[in-house]
Amino acid sequence: MSTRTVDNLKVVSREEWLVARKKLLAREKQLTRERDAVAAERRQLPWVKVEKNYVFDTRSGKKTLADLFDGKGQLIIYHLMFGPEWKEACPSCSFNMDHTDAALVHLAQRDVSFAAVSRAPISKIEAFKKRLGWKFNWVSSYGSEFNYDYHVSFTPEQLAKGKVEHNFDLEEFPGAEAPGISVFYKDKDGNVFHTYSAYARGTESTMNAYNYLDYVPKGRDEDSLRFTMSWLRHHDSYDTGHLADANIPYWPADALSPR
């Protein structure tokens with residue numbers, strides 16, 4: 001857990017600061033090397049051939065999982081929480097998506113396509129996408145088993161058992177939708193393979209605003225919140241603090257309750 005250093009201020013000379021900074025730099029370099037090693041190990045994971053013919057609704061009609069590669073050999077899918085009955089997409093997922101559009105032109109140069117997938121119908125997706133000004137490809141898996149097979153949606157029967165398969169374990173989960181990232185590869189013969197998935201904080205590195213917050217003295221400033229991301233709103237709703245869904249289906253029920 002982070003410490004709000006502004007509440008425990010220590011002022012030193014520039015020389016003393018430099019000693020402390022260099023000590024931290026050694027740890028930062030160690031973390032960078034470890035991150036590189038983990039990324040290399042990630043790329044060595046075995047693959048699973050995708051046998052099902054997943055079909056999605058898009059603004060231009062039906063498309064398969066293979067179609068989403070859009071001429072590239074690699075595909076990143078963000079599992080964006082937006083249930084069929086919801087009024088808006090999850091604020092936390094929306095926070096993540098706010099970092100996406102500017103990266104797409106660069107990803108394309110490295111043979112990577114991107115798509116977000118939600119169970120909401122495409123009409124809701126298109127309306128919300130227009131409202132927030134997003135450009136990335138966002139498709140609907142409504143009526144498909146895709147979300148369930150990749151463990152980011154759960155049926156009432158699954159939830160009734162108390163634990164669901166999430167983040168590669170059986171655990172309690174507060175709702176029917178979960179965030180995640182899944183990666184796929186398509187070979188020259190058109191075969192599609194699942195290479196990687198990440199859930200929970202495994203998706204956090206794509207949220208660059210958090211990386212910036214980790215630089216500043218207060219950090220993310222979430223320690224006093226019941227739920228770490230409960231401060232988030234859709235980027236057009238900070239002035240009002242508005243949450244569209246009264247029952248907050250994307251967050252724990254007590255997320256906004258005072259301590």
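The coordinates are above.
**Quick look at the nonpolar core**
Ranked by size, the top nonpolar core spans 28 residues in total, and within it Leu80, Phe82, Met97, Phe136 and Trp138 carry the most contacts. Residue assignment for this core shows that the elements contributing at least two residues are α2 (91-97), β5 (112-118) and α4 (122-132). With four residues, α4 is the single largest residue contributor to this core. Setting aside anything within four residues of it in sequence, one finds Leu80 in contact with Ala89, Cys93, Met97, Ala116, Val117, Ser118, Phe136 and Trp138. Residues Leu68, Ala115, Tyr150 and Val152 belong to the second largest nonpolar core, which totals 17 residues.

**What to know about the side chain of Ser182**
In this fold, Ser182 is placed in strand β9 (residues 180-186). Within the local environment of Ser182, its side chain forms a polar contact with the side chain of Ser197, the two groups lying 2.6 Å apart. Apart from the residues within four sequence positions on either side, Ser182 is in contact with Leu75, Ile76, Ile77, His79, Tyr150, His194, Tyr196 and Ser197.

**A closer look at unusual backbone geometry**
Even without glycine at this site, Asn167 takes up a positive phi of about 55°. Relative to the helices and strands, Asn167 is located in the loop between β7 (164-166) and β8 (169-171). Classification of Asn167 by relative accessible area gives partly exposed; the value is 32%. Although it is not a glycine, Ala200 sits at a positive phi angle of roughly 50°. Along the polypeptide, Ala200 turns up in the loop between β10 (192-199) and α7 (208-213). Here Ala200 falls in the partly exposed class, since its relative accessible area comes to 39%.

**Observations concerning the state of the cysteines**
What we call a disulfide is simply a covalent bond connecting the sulfur atoms of a pair of cysteines. Applying the stated criterion across every chain, the model contains zero disulfides. In this model Cys90 remains outside any disulfide bridge; the closest cysteine sulfur is found in Cys93, 4.1 Å from its own.

**Remarks on the packing of aromatic side chains**
On inspection of all chains with the given rule, the structure shows 20 aromatic pairs. The interplanar angle of 65° and the centroid separation of 5.8 Å between the aromatic rings of Phe82 and Phe128 together place this pair among those described as edge-to-face. One end of the pair, Phe82, is in the loop between β4 (74-79) and α2; the other, Phe128, is in helix α4, with 46 residues separating them in the sequence. We classify Phe128 as buried; its relative accessible area is 4%. By way of ring pairs, the aromatic residues Phe82, Phe114, Phe128, Trp134, Phe136 and Trp138 are connected into one cluster.

Each value, and the rule that gives it
Residues numbered from 1 in each chain as written. Predicted model: local features only at pLDDT ≥ 70, side-chain atom pairs only at ≥ 80, totals over all residues. Heavy atoms only, no water. Core = buried A, V, L, I, M, F, W, Y, C linked by side-chain atoms within 4.5 Å. Buried < 20%, exposed > 50% of the residue type's maximum accessible area, 1.4 Å probe, protein only. Helix = DSSP H or I, 4+ residues; strand = E, 2+ residues; numbered from the N terminus. Contact = heavy atoms within 4.5 Å. Polar contact = N/O pair within 3.5 Å; in protein donor to acceptor, adjacent residues only side chain to side chain. Disulfide = S-S within 2.5 Å. Phe/Tyr/Trp six-rings, centres within 6.5 Å; stacked < 30°, edge-to-face > 60°.

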